[in-house]
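One letter stands for each residue in the lines below.
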Amino acid sequence: MTITSDALSGGFSEPVFQSQSVFRMLMDGMARPGLIQRIVSDAGQPEPLGPAAGAIALTLCDHETPVFLSAGLAKSTVGAWIGFHTGATLTREKAEARFAFLEAGAAPTSFGLFALGSQEYPDRSTTLVLEVKALHEEAGAGQKLTLSGPGILQSRDIWVEGLPESFHRLWIDNRALFPRGIDVILTADTDLLCLPRTTRVGA
Amino acid sequence: MTELASYNFAYLDEQTKRMIRRAILKAIAIPGYQVPFASREMPMPYGWGTGGVQVTAAIIGPEDVLKVIDQGADDTTNAVSIRAFFQKVADVAVTTHTADATIIQTRHRIPERKLSEGQVLVYQVPIPEPLRFLEPRETETRKMHALEEYGLMHVKLYEDIARHGRISTTYAYPVKVAGRYVMDPSPTPKFDNPKMHMSEALQLFGAGREKRIYAVPPHTDVVSLDFEDHPFEIQRFEQSCALCAAHGVYLDEVVLDDKGGRMFVCSDTDNCEDRREHGHSGEMLAPSKEAAE
């Protein structure tokens, strides 16, 4: 693949402070699953990567974190952009990936091929960044999810548009592996929310 | 401003921060599990809170307000030097008031005042492995966590009862987090254990020398291990604070002379000062200046 100007443009204008602010959103998000937060980013990531997903890549990826891209992202300049800005290598092996980015509409058939960690080291697992159409705090369009588990007082309802149909089944399988399993960050344009493996998802 | 080269914001380089941040996210996703991380040399010796300092450095931003306590006190050496460190390398606002802080780094106490949503409590941890004194091999303790095999810890507590008639562990009292991992709450007095349960604040633990980070998310079960016939109990003090007359808080004993003179004062200095400002006074509080004049 030749590096196009697309891949070289963008990036945080204030990398130190912007990555800190995106990280704090992710930290608060992991600590309070289902909390919808909006990032402000000038990262200029190439299509079809969303602004939130792009900011997450710039914040967390580097040469130590092999990145897996779904088919739709892999054929765009996203891979070259992440490589240029973060130094991360791309991998086609899901099991090697520390981070995986999936574009909207990509329907994962299984989470089991991603790194799930071992019983001794459950932290060595993939974090999946999954783009959906929209995230809502209040009833409206989309599928209702009732979340519970650590970080949530009783339960929290969220509405997700464009969640893959297989998600519920895959998440139940993932939850059953605890403490192993993947963690998911749902992104929709500039919005994001986190679903750590501890979260139970009801309909 | 000086033209001299300065440190990166919050001292650590960006790659180190990313590595620590990834460890923190996994730690929150697996409550109570110790995530290994590549702990760095810090400009202070191991044992001075290098784990907590690295966690704080990785999460802190220019908008944060930092409070640092050492055994509940804002004005002891460790707290003062860490606070000064972050003022220098991150130029952040600092406070001694628990309610005003967004990040509270602590060595072995949890503030008396209830923490609120959005606050982060960062613990400095000397030995993160609760099973370490029972089983010195890391390979074995890791397997015990993997298999959820915590019988040895109960044997230890039982031996306490057999020897002393009660569970004599008073600090670093083991807890079970979210029904899965047994965790060392760092050497906080067991008085503070109930404050960890269902806390509204996020709790992060950093062990620099031992290279481990772990976490307890807000609204998470933290249960102190015990037995049905020997339930977990916290320390109770007969005295009240000699300066602010507070009851039901953790007290430090201060020896005053060599004739048996002593006083009990609040370990949490901010809480004590706040109470005195609100007119509470203990038996040994010096009369206020106006009254003396």
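Keep in mind that this is a model prediction, so the values were computed, not measured.

## Points about the pairing of strand S12 (residues 262-266) of chain B
Residues and elements named next belong to chain B.
Right, so step 1: Burial runs high along S12: four of the five residues are buried.
Right, so step 2: Of the pairings in the sheet, the one linking strand S11 (residues 251-255) to S12 comprises five bridges and is antiparallel in character. Residue pairing across strands places Asp 252 opposite Val 265, the latter belonging to S12.

## Quick look at empty space enclosed by the protein
All names here are of chain B.
Right, so step 1: As enumerated under the stated definition, the model contains three cavities of 30 Å³ or more in all.
Right, so step 2: Roughly 100 Å³ of volume is contained in the largest cavity.
Right, so step 3: With four residues, helix H4 (residues 138-146) is the single largest residue contributor to the lining of the largest cavity.
Right, so step 4: Residues of the lining of the largest cavity, tallied by class, amount to three nonpolar, three polar and five charged.

## Quick look at the interface of chain A and chain B
Right, so step 1: At the interface, 40 residues of chain A touch 42 residues of chain B.
Right, so step 2: A buried area of about 3300 Å², summed over both sides, lies between chain A and chain B, and 63% of it is on carbon and sulfur atoms.
Right, so step 3: Linking chain A with chain B are six salt bridges, by the criterion used here.
Right, so step 4: Where Glu 64 of chain A meets Arg 22 of chain B, a salt bridge forms, and the shortest distance between an N and an O atom there is 2.9 Å.
Right, so step 5: On inspection of chain A and its partner chain B, the count reaches 20 residue pairs in polar contact (both at pLDDT 80 or more).
Right, so step 6: No other element matches helix H2 (residues 15-31) of chain A, which puts eleven residues into the side of chain A that touches chain B.
Right, so step 7: Its residues assigned to classes, the side of chain A that touches chain B shows 19 nonpolar, twelve polar and nine charged.

## Description of the side chain of Thr 199 of chain A
Right, so step 1: Tracing the sequence through the fold places Thr 199 of chain A in the loop between strand S10 (191-195) and strand S11 (200-202).
Right, so step 2: Contacts of Thr 199 of chain A, omitting those with residues within four sequence positions, involve Pro 33, Leu 147, Ser 148, Ile 152, Trp 171 and Arg 175 of chain A.

## So, the confidence of the model for chain B
Right, so step 1: Taken as a whole, chain B shows an average pLDDT of 93; of its residues, 96% reach a score of 70 or greater.
Right, so step 2: As a predicted assembly, this complex carries a pTM of 0.95 together with an ipTM value of 0.96.

## Considerations on the layout of surface pockets
Residue and element names in this part refer to chain B.
Right, so step 1: Roughly 370 Å³ of internal volume is contained in the largest pocket.
Right, so step 2: The wall of the largest pocket is formed by 19 residues, among which Pro 130, Phe 133, Tyr 171, Ala 172 and Asp 184 lie closest to the centre.
Right, so step 3: Of the residues forming the lining of the largest pocket, the biggest block, three residues, is contributed by helix H5 (residues 151-164).
Right, so step 4: In terms of residue class, the lining of the largest pocket is built from 14 nonpolar, two polar and three charged.

Cut-offs and rules
- Note that residues are indexed from 1 along each chain, following the sequence as it is written.
- The order in which chains are written sets their letters, starting at A; the order in which ligands are written sets their numbers, starting at 1.
- Whole-chain, interface and lining totals are the exception, using all residues; otherwise, since this is a predicted model, local features are given only for residues with pLDDT of at least 70 and side-chain atom pairs are given and counted only at 80 or more.
- Heavy atoms from the whole structure form the basis of all side-chain values; hydrogens and water molecules are not counted.
- Burial classes follow relative accessibility: with a 1.4 Å probe on protein chains only, a residue under 20% of its type's maximum area counts as buried, one over 50% as exposed, and anything between as partly exposed.
- For the purposes of this entry, the term helix denotes a DSSP run of H or I that reaches at least four residues, the term strand denotes a run of E that reaches at least two, and both are numbered from the N terminus.
- DSSP bridges decide pairing: two strands pair if at least two such bridges lie between them.
- Residues are said to line a cavity or pocket when one of their atoms sits within 4 Å of a point; the points come from a 1 Å grid over protein atoms alone, cavities being sets where a 1.4 Å probe fits but cannot get out and pockets being open sets with protein on both sides within 12 Å along at least five of seven lines.
- Grid points are joined across faces, edges and corners, and a volume is the space filled by probe spheres set on the points.
- Put simply, Ala, Val, Leu, Ile, Met, Phe, Trp, Tyr, Cys and Pro go in the nonpolar bin, Asp, Glu, Lys and Arg in the charged bin, and everything else, Gly too, in the polar bin.
- Residue contacts follow a heavy-atom distance rule, with two residues in contact if any of their heavy atoms lie within 4.5 Å.
- Accessible area that two parts lose when put together, with a 1.4 Å probe and added across both, is what the buried area reports.
- By convention in these notes, a salt bridge is any Lys or Arg side-chain nitrogen within 4 Å of a carboxyl oxygen on Asp or Glu.
- Pairing of N or O atoms within 3.5 Å defines a polar contact, subject to two protein rules: one partner must be a possible hydrogen donor and the other a possible acceptor, and residues neighboring in sequence count only if both atoms are side-chain atoms.
- Predictor confidence is given residue by residue as pLDDT, running from a minimum of 0 to a maximum of 100.

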